[in-house]
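The chain contents come next:
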Amino acid sequence: MPPMLNRFQTLIFFSFMCLIFQESFAQDPSRKAVFIILDGIPADVLERVNTPNLDKIAAIGGYSRGFTGGKKGGYSETPTISAVGYNSLLTGTWANKHNVWGNGIEEPNYKYWTIFRFLKEARPEAKTAIFSTWLDNRTKLIGEGLAETGRLKLDYHFDGFELDTLSYPHDEDKRYILTIDHLVSYEAAHYLKTSGPDLSWVYLEYTDDIAHRFGDGPEMDRAVQIADEQVGRIWEAIDFRRKNLKEDWLIFITTDHGRTIEDGKDHGGQSDREREIWMVTNAENLNSYFKNGEPAMVDIMPTIARFMNLESPQEQAKELDGVPLIGPISITQADLKETETEIILSWKPMEAQGKVEIWISKENNFKTSGQPDSYVLLGQSEVSSGEYRIQKNEVAGDWAKFVLKGQHNMLNLWKVKE
Ligand SMILES: [Zn+2]
């Protein structure tokens, strides 16, 4: 407490401290988030096409190119396929953990929670919603009603129309998908405006269908403009609540993958253009990693969690591959290299001072059974040094899991057999 404050100053001081406390710790119910995936739009296309609605949102927060696909050539390499990307966003982990490798979504590992589960575990009373042109997003990725997801239930869904071939006859030009995207975006706008759920996912598909059919060109550009109009509709609803109900809304709009360089028709591989994504957000406290770095698909989930002040169980938090794009972070871009004699853990320092603790586990119970792994503290290093070296003979065997713990965030890495 600073000395010699008069009563008024004391009052101001305490109000300020309360504000800080609220900002840092409270689970503020007026904080609501929505994320939108516009399928398969390369960053260069988005930047070329006129998208006034996305521009308007980015002007409040920011725009950045980013990446998906995990570490190219590494243990976390992840196909640039749609459902795989959605699940990387939902869980904040790459496919080596969430285990969705294709659009068949054969065996998701629900031990790695989706953002919907993080929210419901922390705040069971919170309201959730999905508006989607693909049913599997709710039934398979979020895993609604399954024993493995703790019978997670969304409070509202508007999806599955693509299976209704009577009302939406499937045509070769995929006009029916465009019709459904319109429907989904109108309902999302209406429901968000009138009900204001705490966390919502909007998924729109048409851009990917058009690109598969025509590749890069005027048809795709037009589809991107339509998607921008649909986003504008949803943003208008959110903006209404921000201004009239004084709610604090976070919106993230992104895509799930880029496309091939040759003609923009395909995706799935690890080329630069397929791995490149982009993000638009209204977040006002974006950190330098968002602004100057290359944020990843897996960073959006921890960002939403931080915005909503969600208390995450430590065992879950340790497994996240992403870092928040808002507020302070200590370290990013962890890497592991081996020499004849050493294991070198490295990171990019995001603050000038502080320590990084290095924890190791030889287990991976979390992945198989969801049970905690036991970790041992190996040592610590200055954040600014950017690395920690371990003698190889200290780490027996081919496999280990490392957690690097900074003041503001953690990173984790697997050491796998080469
Ligand atoms: Zn896709």
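Residues numbered from 1 in each chain as written. Predicted model: local features only at pLDDT ≥ 70, side-chain atom pairs only at ≥ 80, totals over all residues.

**Description of the pairing of strand β7 (residues 276-281)**
To keep it simple, the criterion reads: The exposure label follows from counting other C-beta atoms within 10 Å of a residue's C-beta, where the C-beta atoms are placed from the backbone and the thresholds are 20 or more for buried and 12 or fewer for exposed, leaving partly exposed in between. Secondary structure is summarised from DSSP: a helix means a run of H or I of at least four residues, a strand means a run of E of at least two, and numbering begins at the N terminus for each. What makes two strands pair is DSSP finding at least two bridges between them.
Most of β7 is tucked away: six of the six residues are buried. Neither face of β7 is exposed, since Glu276, Trp278 and Val280 on one face and Ile277, Met279 and Thr281 on the opposite face are all buried. The pairing of strand β2 (residues 62-67) with β7 spans six bridges and is classified as antiparallel. Residue pairing for β7: Tyr63 is matched across the bridge by Val280. Both strand β6 (residues 248-254) and β7 contribute to a ladder of three bridges, which runs antiparallel. Bridge assignment links Thr254 to a residue of β7, and that residue is Met279.

**Things to note about the packing of helix α9 (residues 206-214) against helix α10 (residues 218-244)**
For clarity, the cut-off: The axes used here are C-alpha line fits, helices contributing only the stretch in contact, and every angle between their N-to-C directions lies in the interval 0 to 180 degrees. Angular relationships are summarised with four words: roughly parallel below 35 degrees, roughly antiparallel beyond 145, roughly perpendicular across 65 to 115, and oblique for the angles in between. A pair of residues counts as a contact when their C-beta atoms, built from backbone coordinates, are separated by no more than 7 Å. Under the scheme applied, nonpolar residues are Ala, Val, Leu, Ile, Met, Phe, Trp, Tyr, Cys and Pro; charged residues are Asp, Glu, Lys and Arg; polar residues are all the others, including Gly.
The N-to-C vectors of α9 and α10 enclose an angle of 180°; their axes lie 9 Å apart at closest approach. It follows that α9 is roughly antiparallel to α10 by the angle criterion. Seen from α9, the contacting residues are Tyr206, Thr207, Ile210, Ala211 and Phe214; seen from α10, they are Glu219, Met220, Ala223, Val224, Ile226 and Ala227. For the contact of α9 with α10, the class distribution of residues is nine nonpolar, one polar and one charged.

**Some points on the sheet that holds strand β13 (residues 400-405)**
Across the sheet, four strands lie side by side as β11-β10-β13-β14; this open sheet has antiparallel pairing. Since the sheet does not close on itself, it has two edges, and those belong to β11 (376-382) and β14 (410-415), each with one partner. This sheet shows a mean twist of 20° between the axes of neighbouring strands, independent of strand direction. Strand direction decides the pairing type here: strand β10 (residues 355-361) and β11, joined by six bridges, are antiparallel. If you follow Ile358 over to β11, its bridge partner there is Gly379.

**A word on the domain arrangement of the chain**
Where interface size is given, it is often the accessible area lost as the parts come together that is meant. This is how the line gets drawn: Residue ranges for the domains trace back to a domain assignment, done automatically or taken from a database.
When cut into domains, the chain gives domain 1 (27-319) and domain 2 (331-415). Its C-alpha centre places domain 1 at a distance of 30 Å from the equivalent point of domain 2. Top element by residues in the side of domain 1 that touches domain 2 is helix α14 (residues 314-319). It accounts for four residues. Residues that form the side of domain 1 that touches domain 2 fall into these classes: three nonpolar, two polar and five charged.

**A few points about the packing of helix α8 (residues 175-195) against α10**
In contact at an axis separation of 8 Å, α8 and α10 are set at 5° when each is read in the N-to-C sense. It follows from the interaxial angle that α8 and α10 lie roughly parallel. Here Asp181, Ser185, Tyr186, Ala188, Ala189, Leu192 and Lys193 of α8 come into contact with α10, specifically with Gln230, Arg233, Ile234, Glu236, Ala237, Ile238, Phe240 and Arg241. Of the residues contributing to the contact of α8 with α10, the split by class is eight nonpolar, two polar and five charged.

**Notes on the nonpolar core**
Spelled out, the test is: Joining buried Ala, Val, Leu, Ile, Met, Phe, Trp, Tyr and Cys residues through C-beta atoms within 7 Å gives a set, and that set is a nonpolar core.
Membership of the largest hydrophobic core comes to 105 residues, with the highest contact counts inside it found for Ile36, Ile115, Val202, Ile234, Ile251, Ile304 and Leu404. If you count residues domain by domain, this core takes at least three from each of domain 1 (27-319) and domain 2 (331-415).

**Describing helix α4 (residues 82-91)**
Three- or four-residue spacings in an α-helix give side chains the same orientation, since the helix completes a turn every 3.6 residues. With ten of its ten residues buried, α4 lies for the most part within the structure. Of the surrounding secondary structure, the elements contacted by the buried residues of α4 are β1 (31-38), α5 (95-98), α6 (115-122), α7 (136-141), α9 and α13 (300-307). In the segment just after α4, Gly92 is the residue with positive phi, at about 70°.

**Describing the environment of Ala59**
Relative to the helices and strands, Ala59 is located in helix α3 (residues 52-60). In this structure the C-alpha to C-alpha distance between Ala59 and Thr281, which are 222 residues apart in sequence, comes to 8.8 Å.

**What about the sheet that holds strand β9 (residues 342-349)?**
Reading across from one edge, β8-β9-β12 is the order of the three strands in this open sheet, with antiparallel pairing throughout. In this open sheet, the two edge strands, each paired with only one partner strand, are β8 (331-338) and β12 (387-391). On average, each strand axis in the sheet is inclined to that of its neighbour by 15°, with strand direction left out of account. Bridging between β8 and β9 involves six bridges; their strand directions are antiparallel. Within β9, the residue paired with Lys337 across the bridge is Ile344.

**Brief notes about unusual backbone geometry**
Working note: non-glycine residues mostly have negative phi, and peptide bonds are mostly trans. Of note, the phi angle at Asn99 is positive, near 65°, even though the residue is not glycine. With 19 C-beta atoms counted inside 10 Å, the residue Asn99 sits in the partly exposed group. With a phi close to 45°, Ile105 is a non-glycine residue in the positive phi region. Structurally, Ile105 is set in the loop between α5 and α6. The partly exposed category is assigned to Ile105, around which 19 C-beta atoms lie within 10 Å.

**Brief notes about α13**
Of all eight residues in α13, eight are buried, a share of seventy percent or more. In this structure, the buried residues of α13 make contact with β1, α4, α6 and β6. One or two steps after α13, the chain reaches Asn309, where phi turns positive at roughly 55°.

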